[in-house]
Amino acid sequence: MAGLAFDTIRDPARWIAEGTPARALPAARTGQEGRPAAGTVRFEALSKTYRSAAGEVRALDSIDLEIPAGAIFGIIGRSGAGKSTLLRAVNRLEEPTSGRVLIDGAPIAALDTDGLVALRRRIGMIFQHFNLLSAKTVRQNVALPLVVAGVPRAEIGPRVDEALRLVGLEAKAETYPSRLSGGQKQRVGIARALVSRPEILLCDEATSALDPETTLSILSLLRDINRRLGITIVLITHEMSVIREACSHVLVLEAGRIAETGPVWRVFGAPEHHATRALLEPLTRGLPEDLAARLRPHPAPGAATVLRITYSGREAPDLSALAAAAAAPVRLLQAGIERIQGHAVGRMLVAVAAAGADPGVEDRVRALGGVVERIGYVATDD
Ligand SMILES: Nc1ncnc2c1ncn2[C@@H]1O[C@H](COP(=O)(O)OP(=O)(O)OP(=O)(O)O)[C@@H](O)[C@H]1O
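Residues numbered from 1 in each chain as written. Predicted model: local features only at pLDDT ≥ 70, side-chain atom pairs only at ≥ 80, totals over all residues. Heavy atoms only, no water.

If you check an unreviewed UniProt entry, the protein appears there as Cell division ATP-binding protein FtsE from Methylobacterium dankookense. As stated in UniProt under Function (unreviewed entry), the record for the protein gives "Part of the ABC transporter FtsEX involved in cellular division. Important for assembly or stability of the septal ring." The protein has a UniProt comment under Sequence similarities (unreviewed entry) that states "Belongs to the ABC transporter superfamily." (UniProt positions renumbered as here; feature names shortened; annotations may be inferred.)

Structure, rendered in structure tokens:
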């Protein structure tokens with residue numbers, strides 16, 4: 001693996017194959033010979049019933065689903081819908097009552113203890129509360145999976161450095177977690193998950209403990225990792241904006257069953273199931289009714305990008321400064337100030353002309369101050 005830097009990696013099969021000797025991987029996971037590509041997850045008639053003194057709970061009921069390799073796949077649903085149970089079935093933290101989970105076409109139920117350890121190295125996981133060891137430095141936290149796997153000492157240092165570089169935390173290597181912000185702690189969690197060079201990354205409410213701005217930066221990091229390393233990302237979240245911001249595909253669970261699933265643009269653009277519509281309601285809450293009806297999750301050619309800018313204090317961003325930052329005409333759709341717990345909070349909705357293909361527009365507008373969210377797109381002739 002010497003000399004193979006994260007940012008030069010475009011080929012996950014090579015990245016994995018050149019990984020730790022502890023887990024040389026079969027060629028089957030390269031997607032050759034008609035077999036699924038590395039990072040494919042398949043659920044077949046998966047059911048899980050919890051039995052306790054209080055009775056039985058059917059948490060998952062006959063789930064048939066494939067998560068394509070390289071997807072950023074979001075799982076949403078009301079509390080108790082079965083999201084965590086499904087996510088945890090991927091690395092066998094939860095054993096199904098019936099049905100199967102297949103990773104890259106291979107059923108995982110058949111794995112013995114060594115096979116399971118190897119599987120879990122191929123599947124990284126990050127958590128809402130980061131789960132870092134407070135008595136260890138950032139470097140030591142990130143190194144831990146390699147130390148446990150018996151990777152030679154000389155190899156650990158460079159691999160930890162690569163992982164820290166990937167998440168932008170090289171400068172914090174010798175810092176203890178208590179001195180980090182929430183966003184930095186989650187970056188350490190991501191580096192620790194990536195240091196084993198997984199093909200799948202499971203994210204369990206990974207941004208729920210973060211403020212909106214930090215959430216956006218973590219989502220942007222996850223998207224970047226997905227794009228650069230080709231890792232399949234499976235995430236569960238209660239925040240619909242996270243799905244819209246980061247995911248390619250979404251699964252809506254309702255009482256342990258699939259309510260609907262598909263590309264985010266389709267499911268969010270035309271939700272068919274009442275559970276999906278109920279979950280999406282907060283996204284459009286507070287929007288003028290006509291705008292909520294016209295808002296689309298993905299850009300069409302020439303569509304204007306709708307940004308929500310939230311700012312504290314009295315000063316709203318100046319519209320001409322906004323237009324300069326956006327490098328495009330900006331139309332004010334709505335503005336107002338409300339008081340939340342005694343603080344004045346301003347909100348503006350603006351449409352930036354033809355910025356659909358301009359991924360940097362939020363960052364440039366954000367530089368003027370406030371929290372900036374891309375909430376969707378409207379056709380310019382609407
Ligand atoms: N260990 C367990 N024993 C008994 N019942 C359980 C157990 N774990 C989960 N359940 C039940 O299974 C159902 C699905 O739980 P799960 O945690 O998968 O849902 P969820 O969609 O992730 O919920 P939340 O959004 O609240 O985290 C719930 O009714 C839950 O109470």
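The structure having been displayed, the exposition proceeds.
Student: Is there a simple way to explain the overall build of the protein in this structure?
Tutor: Each helix and strand in the protein was counted, giving 13 helices and 14 strands. Sorting the 382 residues of the protein into buried and exposed places 49% on the buried side. Surface exposure of the protein reaches about 17,400 Å², of which carbon and sulfur atoms provide 52%. (Helix = DSSP H or I, 4+ residues; strand = E, 2+ residues; numbered from the N terminus. Buried < 20%, exposed > 50% of the residue type's maximum accessible area, 1.4 Å probe, protein only. Areas by Shrake-Rupley, 256 points an atom, 1.4 Å probe, with all protein chains shown as cover.)

Student: Which parts of the structure should I look at to understand the packing of helix α4 (residues 138–148) against helix α5 (residues 153–166)?
Tutor: When two helices pack together, their arrangement is given by the angle between the helix axes and by the axis-to-axis distance. Close contact between α4 and α5 brings their axes to 9 Å; oriented N to C, the two are set at 120°. Considering the angle they form, α4 stands oblique to α5. Once α4 is placed against α5, the crossing between them reads as right-handed. Only I156, G157, R159, V160, D161, A163 and L164 of α5 make contact with α4, whose side of the interface consists of V138, R139, V142, A143, L146 and V147. Grouping the amino acids of the contact of α4 with α5 by side-chain chemistry returns 9 nonpolar, 1 polar and 3 charged. (Axes fitted to C-alpha atoms, helices over the stretch in contact; angles between N-to-C directions. Parallel < 35°, antiparallel > 145°, perpendicular 65-115°, else oblique. Left-handed = near helix turned anticlockwise from the far one by under 90°. Contact = heavy atoms within 4.5 Å. Nonpolar A, V, L, I, M, F, W, Y, C, P; charged D, E, K, R; others polar.)

Student: Sorry if this is basic, but what is going on with unusual backbone geometry here?
Tutor: For residues that are not glycine, phi is negative in most cases, and the peptide bond is trans in most cases. You will see that F130, though not glycine, has its phi angle at about 70°, which is positive. With respect to the helices, strands and loops of the structure, F130 is situated in the loop between β6 (123–127) and α4. Even without a glycine there, the phi angle at E205 is positive, about 55°. Structurally, E205 is set in the loop between β7 (200–204) and α7 (212–229).

Student: Would you explain the site of the ligand in this entry?
Tutor: By nearness alone, every residue bordering the ligand is listed as Y50, V57, A59, R78, S79, G80, A81, G82, K83, S84, T85 and H238. When isolated, the ligand has an accessible area of 630 Å², and the protein chains bury 61% of it. When residues of the shell around the ligand are traced back to their parent elements, those giving at least two are β2 (55–67) and α2 (83–90). It is α2 that contributes the most residues to the shell around the ligand, 3 residues altogether. (Near = heavy atom within 4 Å.)

Student: Could you clarify how one ought to interpret the pattern of salt bridges in this entry?
Tutor: A side chain of one charge can pair with a side chain of the opposite charge when the charged atoms of the two come close. Using the criterion set out here, one finds 21 salt bridges in the structure. Residue E44 is joined to R42 by a salt bridge in which the shortest nitrogen-to-oxygen separation is 3.2 Å. Between R58 and D61 there is a salt bridge; the shortest N-O distance is 3.2 Å. The exposure class assigned to D61 is buried, which follows from its relative accessible area of 14%. Three or more residues are tied together by salt bridges with common partners; here these are R42, E44, E66 and R100. (Salt bridge = Lys/Arg side-chain N within 4 Å of Asp/Glu carboxyl O.)

Student: Please explain the sheet that holds strand β5 (residues 106–107) as it appears in this structure.
Tutor: Where strands meet in a sheet, backbone hydrogen bonds hold them as pairs that are either parallel or antiparallel. Strand order in this open sheet of 4 strands is β2-β1-β4-β5, and the pairing throughout is antiparallel. This sheet does not close on itself; its edge strands, each paired only once, are β2 and β5. Two strands pair when backbone bridges link them, and strand β1 (residues 41–52) and strand β4 (residues 98–103) are joined in this way by 5 bridges, in the antiparallel orientation. Within β4, the position partnered with V41 by the bridge is I103. Seen against the sheet, α2 touches β1, β2 and β4 and runs at an angle of roughly 120° to β1. (Pairing = 2+ DSSP bridges.)

Student: Explain the side chain of K83 to me, please; I cannot follow it from the model alone.
Tutor: Topologically, K83 is positioned in helix α2. Of the side chains with opposite charge, E205 comes closest to the buried, unpaired K83, at an N-O distance of 5.8 Å. Leaving out residues up to four positions away in the same chain, K83 has contacts with I75, I76, G77, R78, I236, H238 and L253. (Lys, Arg positive; Asp, Glu negative; His and termini not counted.)

Student: I'm lost on the pairing of β6 in this one. Help?
Tutor: As a general feature of sheets, a regular strand has side chains that alternate between the two faces. Of all the 5 residues making up β6, 4 are buried; the element is thus mostly covered by neighbouring parts of the structure. Relative to β7, β6 runs parallel, the two being bridged by 5 bridges. Bridging from a neighbouring strand, I123 pairs with I200 of β7.

Student: Got a minute to help me understand α7 in this structure?
Tutor: Turn by turn, an α-helix covers 3.6 residues, leaving residues three or four places apart pointing in a common direction. With 18 residues, α7 should cover 26 Å at 1.5 Å per step; its first-to-last C-alpha distance of 25 Å lies within 8% of that length. Among all positions in α7, only T214, T215, L216, I218, L219, L221, L222, D224, I225, N226 and L229 are buried. N-capping of α7 is provided by D211, with a side-chain oxygen placed 3.0 Å from the backbone N of E213. Once α7 finishes, G230 follows within two positions and takes phi at roughly 70°, a positive value. (Expected span 1.5 Å × (residues − 1). Polar contact = N/O pair within 3.5 Å; in protein donor to acceptor, adjacent residues only side chain to side chain.)

Student: What is the right way to read the environment of P301 from this model?
Tutor: For P301, the position within the fold is in the loop between α11 (289–294) and β11 (304–312). Classification of P301 as exposed rests on a relative accessible area of 86%. For the pair P301 and T380, spaced 79 residues apart in sequence, the C-alpha to C-alpha distance is 9.5 Å.

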